Every structure is written in structure tokens, then in C-alpha cells.
Amino acid sequence: NQAGDVDQKKPKLTRRMLPFLMKPFTLLALTVVCVLGEVMWIYLSIQNNNQWEGVTLFVVGSLIGFIGGGRTAKLWDKYYIEALLRRVKIMKTPMGKRNTAFIFLALGVPMAMSFAIRIQHPFLPVLQSYIFGFICGMNIAIYLWVKGLPE
């Protein structure tokens with residue numbers, strides 16, 4: 001079977017090939033930092049009487065971030081070796097364009113809003129909770145994918 005021969009010749013992606021920010025320890029450390037950041041923002045939310053809104057948006061952000069992380073993991077799984085060999089530009093693939101648009105809308109727009117809102121605005125801690133949740137969820141999804149890769 002010629003298609004089977006092509007799959008056997010295709011190099012397998014391993015954890016060693018991944019950049020530092022995608023190593024399991026780094027992803028776990030980033031997740032811990034996001035959770036600590038969320039604790040800080042929940043404290044600020046309590047002061048502004050937005051405690052439950054912050055927790056709710058952290059959970060929503062985590063779920064959407066987990067979806068984004070899963071999409072990113074699939075993108076890297078499919079194209080990373082080809083990108084290393086300079087055969088393809090990940091961002092120019094249809095999957096890469098869709099993933100970029102998703103991340104831009106789901107994370108970029110709320111981040112831009114958080115920069116545009118003054119620091120005293122009571123909605124800021126709630127918006128930051130969403131951002132921390134998104135990053136945390138994305139890191140967890142990518143971590144789960146990385147752990148499934150061979151050493």
C-alpha cells in the first residue's frame with residue numbers, strides 16, 4: 001500500500017521537537033501562574049462586589065480557552081514538522097487561518113477591551129478573569145496533547 005508507505009516515512013512529532021513554551025513543565029507553570037492571577041483578580045472582584053461574575057467568566061474563559069488549545073494542538077500536530085522543514089507556513093493554512101481568527105476573537109478582543117478600560121472601572125477585574133481563564137484552559141488543552149506525544 002503506497003499510502004501506508006508515505007505515512008511510515010513521515011517523521012513523528014516528539015516532545016523534544018517542541019519549543020520551550022510547549023514543554024509539559026512550562027505549560028504547568030503557566031497554568032499555575034494563571035490560577036494565581038485569577039485569585040488576585042477574584043480578590044479585586046470581591047472589593048468591587050463582582051465576585052460571582054469573575055468566577056463565572058473564569059469558567060467560561062477556561063472552556064473557550066480549552067477549545068482554542070485543542071484547535072491549536074491539532075494545528076501543531078498536523079503541520080509542525082512540515083513548518084520546521086520549511087515546507088509550509090502554519091499561518092497560511094486554512095486550519096491556521098481559522099485558528100488565528102478564533103483566538104483573535106476569543107482572546108484578542110477581550111484583551112483589547114481590558115487595555116481600553118480605565119483601571120478603576122468595576123468591569124475590569126471581571127474581564128481579566130475571562131482572560132486568565134482562557135489562557136489557563138488553553139494551556140491545559142495543549143498540556144494534555146503534549147503529554148500524549150512520545151518522548
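Residues numbered from 1 in each chain as written. Predicted model: local features only at pLDDT ≥ 70, side-chain atom pairs only at ≥ 80, totals over all residues. Heavy atoms only, no water.

## Here's the deal with the overall build of the chain
Part 1 of the argument: Along the chain, the regular secondary structure elements total 5 helices and 0 strands.
Part 2 of the argument: Across the chain, helices and strands are ordered from the amino to the carboxyl terminus as α-α-α-α-α.
Part 3 of the argument: A burial count over the chain gives 39% of its 151 residues as buried.
Part 4 of the argument: When contacts within the chain are restricted to residue pairs at least 6 apart in sequence, those whose partners lie at least 24 apart make up 74%.
Part 5 of the argument: Carbon and sulfur atoms make up 68% of the accessible area of the chain, which amounts to about 9,600 Å² in all. (Helix = DSSP H or I, 4+ residues; strand = E, 2+ residues; numbered from the N terminus. Buried < 20%, exposed > 50% of the residue type's maximum accessible area, 1.4 Å probe, protein only. Contact = heavy atoms within 4.5 Å. Areas by Shrake-Rupley, 256 points an atom, 1.4 Å probe, with all protein chains shown as cover.)

## Section: unusual backbone geometry
Part 1 of the argument: At Arg86, a residue that is not glycine, the phi angle is positive and equals roughly 60°.
Part 2 of the argument: You can see Arg86 is positioned in the loop between helix H3 (51-84) and helix H4 (94-116).
Part 3 of the argument: Its relative accessible area of 77% is what places Arg86 among the exposed residues.

## Topic: the pattern of salt bridges
Part 1 of the argument: Taken as a whole and assessed by the stated rule, the structure comprises 2 salt bridges.
Part 2 of the argument: Note that Arg15 and Glu151 form a salt bridge whose closest N and O atoms lie 2.7 Å from each other. Pair noted here: Arg15 is in the loop between helix H1 (2-9) and helix H2 (24-47) and Glu151 is in the segment after helix H5 (124-147), with a separation of 136 residues, a long-range link.
Part 3 of the argument: Judged by relative accessible area, which is 14%, Arg15 ranks as buried.
Part 4 of the argument: Classification of Glu151 by relative accessible area gives exposed; the value is 58%.
Part 5 of the argument: For the salt bridge of Glu82 with Arg87, the shortest nitrogen-to-oxygen distance reads 3.4 Å.
Part 6 of the argument: Given a relative accessible area of 21%, Glu82 falls into the partly exposed group. (Salt bridge = Lys/Arg side-chain N within 4 Å of Asp/Glu carboxyl O.)

## Let's talk about the nonpolar core
Part 1 of the argument: With 23 residues, the main nonpolar core has Leu13, Leu18, Trp76, Phe134, Ile142 and Trp145 as its most contacted residues.
Part 2 of the argument: Looking at this core, the elements that each hand over two or more residues are H3, H4 and H5. (Core = buried A, V, L, I, M, F, W, Y, C linked by side-chain atoms within 4.5 Å.)

## A short note on the environment of Leu84
Part 1 of the argument: Tracing the backbone shows Leu84 in helix H3.
Part 2 of the argument: You can call Leu84 partly exposed: its relative accessible area is 47%.
Part 3 of the argument: For Leu84 and Met17, which are 67 residues apart along the polypeptide, the C-alpha to C-alpha distance reads 9.2 Å.

## Looking at the environment of Leu18
Part 1 of the argument: Along the chain, Leu18 falls in the loop between H1 and H2.
Part 2 of the argument: Beyond its immediate sequence surroundings of up to four residues, Leu18 is in contact with Leu13, Lys23, Trp76, Tyr80, Trp145, Val146 and Leu149.

## Focus on the packing of aromatic side chains
Part 1 of the argument: Applying the stated criterion to the full structure yields 2 aromatic pairs.
Part 2 of the argument: Geometrically, the ring pair formed by Trp76 and Tyr80 is stacked, given 4.6 Å between the ring centres and 15° between the ring planes. Of the two residues, Trp76 and Tyr80 are both situated in helix H3; the distance of 4 residues between them amounts to about one turn of the helix. Summarising the burial analysis for this pair, Trp76 and Tyr80 share the class buried.
Part 3 of the argument: Where Tyr130 meets Phe134, the ring centres are 6.4 Å apart and the plane angle is 40°; that geometry is what we call tilted. Pair noted here: Tyr130 and Phe134 are both in helix H5, with a separation of 4 residues, about one helical turn. In terms of burial, Tyr130 and Phe134 fall into one category: buried.
Part 4 of the argument: In this arrangement the basic side chain of Arg71 is found over the ring face of Phe102, its NZ or CZ atom lying 5.0 Å from the centre. (Phe/Tyr/Trp six-rings, centres within 6.5 Å; stacked < 30°, edge-to-face > 60°. Lys NZ or Arg CZ within 6 Å of the ring centre and 35° of its normal.)

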